[in-house]
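Structural overview
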Number of protein chains: 2
Amino acid sequence: MSQIPPAPARPAADGPEASARPGRAGPDPAALAEGVLNGDRRALARAITLVESGRADHRALALDLLERLAPARRQALRIGLSGTPGVGKSTFIESFGLMLIGLGLRVAVLAVDPSSARSGGSILGDKTRMERLSRDRAAFIRPSPSQAELGGVARRTREAIALCEGAGFDVVLIETVGVGQSETLVAEMTDLFVLLLAPAGGDELQGVKRGIMEIADLILINKADGDLKPAALRTVNDYAGALRLLRRRPHDPDGFPKAMPVSALAEEGLQKAWAEMQALAEWRREKGFFDSRRAEQARHWFEAEVRAGVLARLAADPEVARRMQALGAKVAAGAAAPARAAAEVLAAFDARG
Amino acid sequence: MSQIPPAPARPAADGPEASARPGRAGPDPAALAEGVLNGDRRALARAITLVESGRADHRALALDLLERLAPARRQALRIGLSGTPGVGKSTFIESFGLMLIGLGLRVAVLAVDPSSARSGGSILGDKTRMERLSRDRAAFIRPSPSQAELGGVARRTREAIALCEGAGFDVVLIETVGVGQSETLVAEMTDLFVLLLAPAGGDELQGVKRGIMEIADLILINKADGDLKPAALRTVNDYAGALRLLRRRPHDPDGFPKAMPVSALAEEGLQKAWAEMQALAEWRREKGFFDSRRAEQARHWFEAEVRAGVLARLAADPEVARRMQALGAKVAAGAAAPARAAAEVLAAFDARG
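Residues numbered from 1 in each chain as written. Chains lettered and ligands numbered in written order. Predicted model: local features only at pLDDT ≥ 70, side-chain atom pairs only at ≥ 80, totals over all residues. Heavy atoms only, no water.

- As annotated in an unreviewed UniProt entry, chain A carries the name LAO/AO transport system kinase and comes from Phaeovulum vinaykumarii.

1. Notes on the overall build of chain A
- A tally of regular secondary structure across chain A gives 14 helices and seven strands.
- When the 353 residues of chain A are sorted by exposure, 54% land in the buried category.
- Pairs at least 24 apart in sequence give 75% of the contacts found in chain A among residues at least 6 apart. (Helix = DSSP H or I, 4+ residues; strand = E, 2+ residues; numbered from the N terminus. Buried < 20%, exposed > 50% of the residue type's maximum accessible area, 1.4 Å probe, protein only. Contact = heavy atoms within 4.5 Å.)

2. Some words on the sheet that holds strand 6 (residues 218-221) of chain B
Residue and element names in this part refer to chain B.
- Within the open sheet, the seven strands sit side by side as 3-2-4-1-5-6-7. Their pairing is parallel. Every interior strand has two partners, whereas the edge strands, strand 3 (139-142) and strand 7 (258-261), have only one. Within this sheet the neighbouring strands show an average axis-to-axis angle of 20°, counted without direction.
- Note that strand 2 (residues 107-112) and strand 4 (residues 171-176) share six bridges and pair parallel. When the sheet's bridge partners are listed, alanine 108 is paired in strand 4 with valine 172.
- Across the sheet, helix 2 (residues 41-52) touches strand 2 and strand 3, and the angle it forms with strand 3 is around 25°. (Pairing = 2+ DSSP bridges. Axes fitted to C-alpha atoms, helices over the stretch in contact; angles between N-to-C directions.)

3. Focus on the sheet that holds strand 4 (residues 171-176) of chain A
Residues and elements named next belong to chain A.
- If you walk across this open sheet you meet the seven strands as 3-2-4-1-5-6-7, and the pairing is parallel. Because the sheet does not close on itself, it has two edges, and the strands there are strand 3 (139-142) and strand 7 (258-261). Each strand of the sheet is rotated relative to its neighbour by a mean of 20°, with strand direction disregarded.
- Helix 10 (residues 229-244) rests against strand 5 (192-197), strand 6 (218-221) and strand 7 of the sheet, and its axis sits at about 180° to strand 7.

4. Points about the relation of the copies chain A and chain B
- Of the transformation placing chain A onto chain B, the axial shift is 0.0 Å and the rotation is 180°, giving an RMSD of 0.0 Å. Here the symmetry operator amounts to a two-fold rotation axis.
- The fraction of interface residues of chain A whose copies in chain B are also interface residues reaches 100%, indicating that both copies meet through the same surface. (Least-squares fit on C-alpha atoms with pLDDT ≥ 70 in both.)

5. A word on the pairing of strand 4 of chain B
Residue and element names in this part refer to chain B.
- Burial analysis of strand 4 places six of its six residues in the buried class, the great majority of the element.
- By the alternation rule, side chains of strand 4 split into Val171, Leu173 and Glu175 and Val172, Ile174 and Thr176, which are all buried.
- Bridging between strand 1 (residues 77-82) and strand 4 involves six bridges; their strand directions are parallel. For leucine 77, the partnering residue across the bridge sits in strand 4 and is valine 171.

6. Section: unusual backbone geometry
Residues and elements named next belong to chain A.
- Residue proline 257 follows phenylalanine 256 across a cis peptide bond; omega there is -5°.
- Residue position: proline 257 is located in the loop between helix 10 and strand 7.
- Here the phi dihedral of lysine 223 falls at roughly 70°; this positive angle occurs in a residue that is not glycine.
- Relative to the assigned elements, lysine 223 resides in the loop between strand 6 and helix 10.

7. A word on the pattern of salt bridges
Residues and elements named next belong to chain A.
- Enumeration over the complete set of coordinates arrives at 40 salt bridges over all chains.
- The partner of glutamate 296 in a salt bridge is arginine 299, with the nearest N and O atoms 4.0 Å apart. One end of the pair, glutamate 296, and the other, arginine 299, are both in helix 12 (residues 289-316), three residues apart, so they sit about a helical turn from each other.
- The exposure class of glutamate 296 is partly exposed, given its relative accessible area of 37%. (Salt bridge = Lys/Arg side-chain N within 4 Å of Asp/Glu carboxyl O.)

8. Points about the environment of Ala167(B)
All names here are of chain B.
- With respect to the element layout, alanine 167 can be found in the loop between helix 7 (150-166) and strand 4.
- Through-space distance from the C-alpha of alanine 167 to that of glutamine 75 is 9.8 Å; in sequence the pair is 92 residues apart.
- Not counting residues up to four positions away in its chain, the partners in contact with alanine 167 are Val36, Gly39, Leu44, Arg74 and Arg106.

9. Brief notes about the packing of aromatic side chains
- Going through the model one piece at a time under the given rule, you end up with eight aromatic pairs over all chains.
- Here the aromatic rings of Phe92(A) and Phe96(A) are separated by 5.2 Å at their centres, their planes lie at 15°, and the arrangement is stacked. Remark: Phe96(A) and Phe92(A) occur in helix 4 (residues 89-102); sequence separation between them is four residues, near one turn of the helix.
- Of the residues examined, Phe96(A) reaches a relative accessible area of 0% and is grouped as buried.
- Taking the centre distance of 6.2 Å and the plane angle of 45° together, the rings of Phe140(B) and Phe169(B) count as tilted. Separated by 29 residues along the polypeptide, Phe140(B) in strand 3 and Phe169(B) in the loop between helix 7 and strand 4 bring together distant segments of the chain. (Phe/Tyr/Trp six-rings, centres within 6.5 Å; stacked < 30°, edge-to-face > 60°.)

10. Here's the deal with the interface of chain A and chain B
- At the interface, 60 residues of chain A touch 60 residues of chain B.
- For the pair chain A and chain B, the summed buried surface comes to about 5,500 Å²; carbon and sulfur atoms form 65% of the total.
- Applying the counting criterion to the chain A and chain B interface returns four salt bridges.
- Two residues, Glu67(B) and Arg340(A), come together in a salt bridge whose shortest N-O distance is 3.1 Å.
- Counting across the chain A and chain B interface gives six residue pairs in polar contact (both at pLDDT 80 or more).
- Mapped by element, the contributors of at least two residues to the side of chain A that touches chain B are helix 3 (56-69), helix 9 (212-215), helix 10, helix 12, helix 13 (318-332) and helix 14 (338-350) of chain A.
- The leading source of residues in the side of chain A that touches chain B is helix 12 of chain A, at 14 residues.
- Split into classes, the residues belonging to the side of chain A that touches chain B amount to 33 nonpolar, seven polar and 20 charged. (Buried area = accessible area lost by both parts, 1.4 Å probe. Polar contact = N/O pair within 3.5 Å; in protein donor to acceptor, adjacent residues only side chain to side chain. Nonpolar A, V, L, I, M, F, W, Y, C, P; charged D, E, K, R; others polar.)

This is the structure in structure tokens:
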């Protein structure tokens, strides 16, 4: 499917990108693109490392690489998955991923975990948690980038999705632990959003973040096996009831969002959950919501990049940053009016060199 | 309480602001500030008109006015109120407002309705809906500004709140019909957020926007009177159950968020609802959440103003706007990569005159 001619693994020193690499030689976008399009997992891993790089010269190479993949126009089903630690998310991803592979599909797993920089490791950092899946040739697992800043994680994850699609994966699972705004962010880059929960015992609180109901397409109550099965079914009913209290969204067919039981451990309910995801995606495709959502997401991504770029110019000016800091403290203390303080910062922005 | 010397109703032509008024003479901030601080409702109305003005010279006068009120450091309890048409919101505001006035309090009502520009009129445009309240000297009712753009409505409402506080009101009710993001926006400028709902009949859907659970402090089921009372009490139970499934927020005492019945028509449950609002505000004051929330809100407002100002500079450049438009369409159609398209727009921004 690749239209791109073979290229050396390293670009010649006089290649068009040479001047953009002040330090050691960077990766060659043409060679990386070819590897990715051929489904080479090592090339994919290196390509993701390139888009995650903060270096300005790497950024130019990353844009080049992404543009080389775009003409292939490959699409995966992008599924967002959220669940707090303890609900069995790793076990679910492993069972669900292997089930998909059993159906002949190739599965990539990416993580968005803005807390990983703080906690010192991504939830997916330890691949041994998904040992069988990570060893399978039809799977690709990538831990969350170590980035404290959510906006940076968002850009890199969006680009990693594009790379996985270029590599021909059929399903891209983007998982998040649901810290701060990360679920909304993942919902904005996926076609479907799945929330994984554990059974609640009696009156026990579930601790579902309130905003999550806004974005969930499917609520899966895990651990619906053994002793926990009755509690799991009860929890399914509770959520089904709560979902019925909420307004129907135009992009949902009858019966969605839906709550259902699964057992990742016993590998039960996974095919049924997959059938629901496919039915939902199919309905949205037929009604045009699927493509319109992707078009909207792409436009928002573009606009977010522009805004981020302009705001980066704001932050990059030391005089502006100094005033932001000082005036922000004054405003919080009630010693300066927000609108007046903002006008001062903007004057400094206009006056910058 | 005013520290500001009397001033003529119109500034002298050679006054310091004169050069900022190219057209007809603008209002005098010093005189307006004095009127507002004296609790003059006509001065307050004119002051709000000034902050709502889009004219650059008016903006300078508005900032001047706001700074003249700040030293008085007057505070009202800011209550956000949301409810879709049909739940009896006008009747509730009238009954609740008159009840507060009966307790010796002064009440201002502002509206945030981003749809009013489209629908051709604010929900509060017709004051006859709250006839008794609007005629009361201890009340001030202001319809939503006719602004399609939510950011503009936000700034003007924040500033109108500051003006009402300067005028010595004890409670400022900010109501919204809950279109788009307006509830989140109102929550970000208030101390408490109240959701007003109608009783649900049997399995009937309530149509509550999903994100609302994130921000509601108190859910009031209205029309808990006559035939609807049993349905109202059932609905209270349904929401109490749904609220228990959600995670406790650090700024909530035990039992909050809370669902309870009221009848605006029969004037029942209003004092109880007010007692709950006071208890919640008091608890947050004691724990420091009240002041820290206000400080955060002020800082966010400041930062939002800075961002809005920088983004306005982006939009104001015709070449940048042209490229944003053209490239956004290409990105949505899949014909341009978002990151590359953004880089092009940013290059045009840097090159602007």
